[in-house]
Amino acid sequence: MRGFKRCIVDVAATALLRQVADDLELDVADRRKRVDLEEAVATARRCKPEHLLARMTEREVKQVCEAVGIDPKGRKNGLINRLLDKPPSKDTGQSRRTPKASHPQAVSYQSVLGTVPAMNDKPASQSTLVLSEPAAESTTVERYEFEPIKGYPMLNWLGKRPYTSTQYYPAQLKEVHGEELDGWRNKIFWGDNLQVMSHLLKKFRGKFDLIYIDPPFDSKAVYTKKIKSNGQKHNSDSSSFEEKQYSDMWMNDAFLQFIYERISIMRELLSDTGTLTLHCDPHKVHHLRCVMDEVFGESNFLNEIIWSYRRWPSNSKNFQEMHDNLLWYAKNRNSDRVFNKEYEEASESYMKRFGGKTQILDEESGTRKITSDLDTKGMPRRDVWDISIIAGVGSERTGYPTQKPEKLIDRIIRSCTNPGELVLDCFMGSGTTQVVSMKLGRRFIGADINLGAIQTTTKRLVKTAADLSKKKLDTTVNCYTGFEVYNVNHYDIFRNPAQAKDLLIEALEIQKLEMATVFDGEKDGRMVKIMPVNRIATRADLNELIAGFDYKAWDRRRNESLTRPVEKILLVCMGHEPDLKAQLQKAVEPYRIDVQVVDILRDKANLEFRRDSEAKVTVKKGELVIERFYPMNLLQKLSLQKEAVEDWRELVESVLIDWNYDGAVLQPAVVDVPDKNELVQGRYPVPVDAGTIRVKITDLLSESWEGGLGNG
Ligand SMILES: C[S@@+](CC[C@H](N)C(=O)[O-])C[C@H]1O[C@@H](n2cnc3c(N)ncnc32)[C@H](O)[C@@H]1O
């Protein structure tokens, strides 16, 4: 006699069984063998029949109905209810079970429930118990049973995979600014932070005293920055446009896996006394807290800080959403971690009642009763912080979207670290954490995937370092003002991943799809998926695809022809694991798919994705002169012809010059970063000891022209 769940497993596609086994991390003797997958799924108590049924196609659910002798007429959800013996949403007045005793392979549902309890994972809550009281009429009630609660609650999501190992990714040093102090120079990395952190593990495992992150939190928005030419000349309507910086839109539960992997590796980077502050908002805080609990342990939760602010109210039927949430966790709560107590003003009533004096503990009574002679410092700071957001025209504003106020980050860094300690923010954005760390004499590392963030941060850090060297306010605190800029991986093609997809779609002449699917478009009869850009595509990157395929349609196509592949797929990547194609084909067995992989670094290396900028730089009478500069992509966006550029400086964000370039790392002696609405100089005196000169001109899009010239 087969059990109810066995009947479901018999019908389920191998791909589904494998997916379930992966999701629930089941022990499977050999994942390639269907028989082993069936065994693992059928015997796993965590895998409930309703979960399997929900992920099956309607046709498969009908097959299950037939197998257990239930009328297979109707739609999927109704059939599942019938199978699980749940009341239908509209009462039909009919018996919910219609056993078909004559069906050749039918197993009676009644008998499955009644006679094979060990095989039956169907929750008892759904079986019916007939009471004999009161005697006259029988009363039907539902019986509820509960599994004992084990362990701690865990958030589950589609495609959840443990993250337990990574590999080392090399980094290339590109720029050096300022000097070392105590053998240290701060570092910022351009790259996907998972790879940057994998790189950091080698030297910085267990070394960070504070990690603050302000990641995208699935806000379903695409964040842009307004790009506007610097001077007066191009101040027409077309002199500004919105440039995409990063996108915060995710398919299914990909966001949770994204953050889970990164938090796991951050925990490894934290020192035993270190803490992590995760900045998010009320829409995602409940999920993120579960993820944090899972990775850090519930007992290492320290607090949730509410950052409360005011902004223009919105017209909504809701209380105004004017706070963010900061989840604060310790690597080890019981360690001797830093906490520098801060105070807020004591209340008026306190000041009145105790004359502004500190209350101290009366040891005898154990209550705070004694008024001391000391003036009160105020009240220890609460976990609700009222701090203004950055004003639209505030001096702090960089124009980078979602920039956070320095005051907020200052409070976190001051309270959780001491001078000289090491801070990481790998969702750096405009570099607020890095700037505040520099001002407070903390050492720091930062990372961002968007080149615009790297340029904005570099500019801010250069300016902060210059200001600090002028002020030298607090001589007791050493400020680490030198910093290095690194690339992790190959980042020459796409400076901005948010735009990479669009560029590839255009360059490869891919037809965009009308409907939202897991694919990005169609080309020559193949469905196209653009894999993550700027890094090698791995097996893990296929999960989103595997979870999102339209298996229903595939069933239909398989029924039409057993020999024809159910889908023709084109994967576009920038490097890939050698067996990527085979991995995808294996994962969806028994469906047959035709997969083609295009590696744009190798197969399409001659594709033109962007136009190089042009510049003319000369040395005349002891002066380096930038005579012309045409940032071609920027000009295109501004709808400007080269000839229309009257003053190239209006299109430029910074000029860096290294007078003695070593051929690899730019170490600029001239850092010409003008203030808002000011222009770079464009002419620079050449020092007598200049050798090989290297010039880097960065435009308003953060794209750079780099070129060299010899002196003499
Ligand atoms: C909310 S913003 C951070 C803003 C920052 N706190 C500030 O004050 O400017 C999030 C940043 O995360 C970056 N980001 C998103 N995914 C990333 C990834 N995988 N690796 C590195 N940075 C990433 C985005 O480019 C964006 O700059």
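Every value quoted in this text rests on a predicted model; they were computed, and no experiment measured them.

Definitions and cut-offs
- Residues numbered from 1 in each chain as written.
- Predicted model: local features only at pLDDT ≥ 70, side-chain atom pairs only at ≥ 80, totals over all residues.
- Helix = DSSP H or I, 4+ residues; strand = E, 2+ residues; numbered from the N terminus.
- Buried ≥ 20, exposed ≤ 12 C-beta atoms within 10 Å, placed from the backbone.
- Contact = placed C-beta atoms within 7 Å.
- Near = placed C-beta within 6 Å.
- Nonpolar A, V, L, I, M, F, W, Y, C, P; charged D, E, K, R; others polar.
- Axes fitted to C-alpha atoms, helices over the stretch in contact; angles between N-to-C directions.
- Left-handed = near helix turned anticlockwise from the far one by under 90°.
- Pairing = 2+ DSSP bridges.
- Parallel < 35°, antiparallel > 145°, perpendicular 65-115°, else oblique.
- Core = buried A, V, L, I, M, F, W, Y, C linked by C-beta atoms within 7 Å.
- pLDDT = per-residue confidence, 0-100.

### What to know about the overall build of the protein
At step 1: Scanning the protein from N- to C-terminus turns up 19 helices and 30 strands.
At step 2: Scored against the burial criterion, the 712 residues of the protein give a buried share of 35%.
At step 3: Here the analysis covers contacts within the protein between residues at least 6 apart in sequence; of these, 69% occur between residues at least 24 apart.

### Section: unusual backbone geometry
At step 1: Pro-590 follows Glu-589 through a cis peptide bond whose omega is 15 degrees.
At step 2: For Pro-590, the location among the structural elements is in the loop between helix H18 (580–587) and strand E23 (593–599).
At step 3: Positive phi is not limited to glycine here, since Lys-621 has a value of about 45 degrees.
At step 4: Structurally, Lys-621 is set in the loop between strand E24 (614–620) and strand E25 (623–630).

### Re the site of the ligand
At step 1: Lining the immediate surroundings of the ligand are 20 residues, of which Asn-193, Phe-427, Gly-429, Ser-430 and Thr-432 lie closest.
At step 2: Of the residues contributing to the shell around the ligand, the split by class is 9 nonpolar, 7 polar and 4 charged.

### Describing the packing of helix H9 (residues 254–269) against helix H10 (residues 285–296)
At step 1: Viewed as axis vectors pointing N to C, H9 and H10 meet at an angle of 35 degrees, and their least axial separation amounts to 10 Å. Crossing handedness for the pair H9 and H10: right-handed. Note on element contacts: H10 touches H9 through His-287, Leu-288, Val-291, Met-292, Val-295 and Phe-296, opposite Leu-256, Ile-259, Tyr-260, Ile-263, Ser-264 and Arg-267.
At step 2: By residue class, the composition of the contact of H9 with H10 is 9 nonpolar, 2 polar and 1 charged.

### Quick look at the sheet that holds strand E4 (residues 186–190)
At step 1: Read from one edge of the open sheet, 10 strands run E3-E18-E4-E17-E16-E5-E8-E10-E9-E15, paired in mixed fashion. Single-partner strands in this sheet number two, and they are strand E3 (171–177) and strand E15 (384–386). Taken pair by pair, the neighbouring strands of this sheet meet at an average axis angle of 20 degrees, ignoring direction.
At step 2: In terms of strand pairing, E3 meets strand E18 (residues 483–488) through 6 bridges, oriented antiparallel. In the sheet register, Gln-172 faces E18, and the bridge partner there is Asn-487.
At step 3: Each of strand E5 (208–213), strand E8 (270–280) and strand E16 (422–425) is contacted by H9, which is oriented at about 145 degrees to E8, the strand it contacts most.

### Structural notes on the sheet that holds strand E19 (residues 511–512)
At step 1: Spatially, 5 strands are ordered E19-E20-E21-E22-E23 in an open sheet, and the strand pairing comes out mixed. The open sheet is flanked by E19 and E23, the only strands paired with a single partner.
At step 2: With 3 bridges connecting them, strand E20 (residues 521–523) and strand E21 (residues 526–530) associate as antiparallel partners. Directly across from Lys-523, in E21, lies its bridge partner Arg-526.
At step 3: Relative to E23, H18 is tilted by about 155 degrees, and along the sheet it contacts strand E22 (567–573) and E23.

### Concerning the packing of helix H12 (residues 406–416) against helix H13 (residues 432–439)
At step 1: For the pair H12 and H13, the least separation of the axes is 9 Å and the interaxial angle reads 60 degrees. Overall, the two elements H12 and H13 adopt an arrangement that is oblique. Once H12 is placed against H13, the crossing between them reads as right-handed. Mapping the contact onto sequence places Glu-406, Ile-409, Asp-410 and Ile-413 in H12 and Thr-432, Thr-433, Val-435, Val-436 and Ser-437 in H13.

### So, the pairing of strand E26 (residues 652–658)
Walk down a regular strand and you will see the side chains alternate between the two sheet faces.
At step 1: In terms of burial, E26 is largely enclosed, as 7 of its 7 residues are buried.
At step 2: Where E26 lies against strand E29 (residues 692–699), 6 bridges are found, and the strand directions are antiparallel. When the bridges of E29 are listed, Ile-657 appears paired with Val-695.
At step 3: Here E26 runs beside strand E27 (residues 670–672); their pairing, made up of 3 bridges, is antiparallel. When the sheet's bridge partners are listed, Leu-656 is paired in E27 with Val-671.

### Examining the pairing of E24
At step 1: Where E24 lies against E25, 7 bridges are found, and the strand directions are antiparallel. Bridged to Thr-618 within E25 is Val-625.
At step 2: In sequence, E24 turns back onto E25 through a hairpin of 2 residues, with Lys-621 there showing a positive phi of about 45 degrees.

### Notes on the nonpolar core
At step 1: Membership of the largest hydrophobic core comes to 70 residues, with the highest contact counts inside it found for Ile-211, Leu-269 and Met-292.
At step 2: Among the elements that make up this core, the one with the highest residue count is H9 (8 residues).
At step 3: What Met-292 contacts, discounting residues up to four positions off in sequence, is Ile-263, Leu-278, Leu-327 and Tyr-329.

### Notes on the confidence of the model for the protein
For residues with low pLDDT, the predicted coordinates do not support detailed interpretation.
At step 1: Considering every residue of the protein, the mean pLDDT works out to 83; 84% of them sit at 70 or more.
At step 2: Scored below 50 in pLDDT, residues 88–138 shows 77 contacts in the model against residues more than four places distant or in partner chains.

### Quick word on helix H3 (residues 34–43)
At step 1: Turning to H3, its buried residues number three or more, namely Leu-37, Ala-40, Val-41 and Ala-42.
At step 2: Next to the buried residues of H3 lie helix H1 (4–11) and helix H2 (14–23).

### Remarks on the environment of Val-222
At step 1: Its place among the elements puts Val-222 in strand E6 (residues 221–228).
At step 2: The class for Val-222 is partly exposed, based on 14 C-beta atoms found within 10 Å.
At step 3: Residues Val-222 and Gln-245, spaced 23 residues apart in sequence, show a C-alpha to C-alpha distance of 7.7 Å.

### Here we look at H13
At step 1: Counting buried residues in H13 gives 8 out of 8 residues, a clear majority hidden from the surface.
At step 2: For H13, the secondary structure elements touched by its buried residues are E4, E5, H12, E16, strand E17 (443–448) and helix H14 (451–471).
At step 3: Directly after H13, the chain includes Gly-441, whose backbone phi takes a positive value near 75 degrees.

### With respect to the environment of Ala-15
At step 1: Tracing the chain through its elements places Ala-15 in helix H2.
At step 2: The exposure class assigned to Ala-15 is partly exposed, which follows from the 19 C-beta atoms found within 10 Å.
At step 3: Placed 22 residues apart in sequence, Ala-15 and Leu-37 show a C-alpha to C-alpha distance of 9.7 Å.
At step 4: Aside from chain neighbours lying at most four places away, what touches Ala-15 is Ala-587, Val-588, Glu-589 and Tyr-591.

### Notes on the environment of Ser-271
At step 1: Topologically, Ser-271 is positioned in strand E8.
At step 2: Along the primary structure Ser-271 and Leu-210 are separated by 61 residues, whereas in three dimensions their C-alpha atoms are 8.4 Å apart.
At step 3: Ignoring any residue separated from it by four or fewer positions in sequence, one finds Ser-271 in contact with Gly-206, Lys-207, Phe-208, Asp-209 and Lys-331.

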